[in-house]
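# Structural characterization, general
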Amino acid sequence: MGEKRHRIDLQKVPNHIAVIMDGNGRWAKGKGMQRIFGHRNALTAIRETADTASEIGVKFVTLYAFSTENWSRPKLEVDALMSLLVSTLKKELPDFQRKNVRVNAIGNIDNLPKNAQKILATVIEETKNNTKITLTFALSYGAREEIVNAIKNISKKVVNNQLDIEKIDEKIINNHLYTFNLPNVDLLIRTSGEQRISNFLLWQIAYAELYFTDILWPDFRREHLFDAVIDYQNRERRFGKTSEQIEINE
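Since the model is a prediction, treat every value here as computed from it, not as a measurement.

Conventions we followed
Residues numbered from 1 in each chain as written. Predicted model: local features only at pLDDT ≥ 70, side-chain atom pairs only at ≥ 80, totals over all residues. Heavy atoms only, no water. Helix = DSSP H or I, 4+ residues; strand = E, 2+ residues; numbered from the N terminus. Buried < 20%, exposed > 50% of the residue type's maximum accessible area, 1.4 Å probe, protein only. UniProt positions renumbered as here; feature names shortened; annotations may be inferred.

This part is about unusual backbone geometry. One non-glycine residue with positive phi stands out, namely Asn100, at about 65 degrees. Turning to its location among the elements, Asn100 is positioned in the loop between α5 (75-98) and β3 (101-106). Accessibility expressed as a relative area gives 25% for Asn100, which makes it partly exposed. In this structure, Ser198 takes a positive phi of about 55 degrees despite not being glycine. Here Ser198 is to be found in the loop between β5 (187-190) and β6 (209-212). Ser198 gets classed as partly exposed once you look at its relative accessible area, which sits at 30%.

What follows is the structure, given as structure tokens:
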């Protein structure tokens, strides 16, 4: 594990890592337990990912915690997840402060239970001045819904003569997304062997490197994050340019 850490170029770590935390249910099923058992045991993976990312200089980590589609899951599981969210945020707040973590949330937060909204708002407020790393939880989040809402809000401004239609560009769109205060994603990680995006940050991952691993999320640890970052650093990020153009600009 120490060897992997030393293989990372700290000058070229991704600025923003996003994670689709997949495999909790399968992990629990493999142990003969209910799905919520997997969700509870995923907390160690969240903690290690945030700590390890912070250790190597990553400034932003965004975790896909609950999608808009997840509301269709059995009520018992949804209620347990919401209860877990509240208890975890309360428990982790002192650690967030000690580790200088700023907590952020994206998604249709109004859909969350009132007690979850309240504790989330408290943790966000209490950590707003922390500066080492921003940990964003995507909750009741769906990228298509996010883009639809952005289009609606921009359209209202055009209709009300607050915005000239010719002025609409990528920056304007960015400013109307849930992630208006976050940079684009550099590295997207998905655990559990599935290789799809699942309606997550569709606009923000336009030039992200995608990394898929068979590790189930509750088993994801610091060495697995190192593997992803090392893989990222071994790739050539061209942003539509040729390799020759990249070499000239370096």
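Let us keep going from here.
So, on to the environment of Thr179. Structurally, Thr179 is set in the loop between α8 (170-175) and β5. Counting along the chain gives 53 residues from Thr179 to Glu126, while the straight-line C-alpha distance between them is 20 Å.

Within this numbering scheme, the UniProt entry marks Asp22 and Asn70 as carrying the feature "active site" (unreviewed entry). In terms of the greatest pairwise C-alpha distance, the residues named above, spread along 49 residues, form a tight cluster of at most 12.4 Å across. Mapped onto the fold, Asp22 is located in the loop between β1 (16-20) and α2 (24-30). The class for Asp22 is buried, based on a relative accessible area of 17%.

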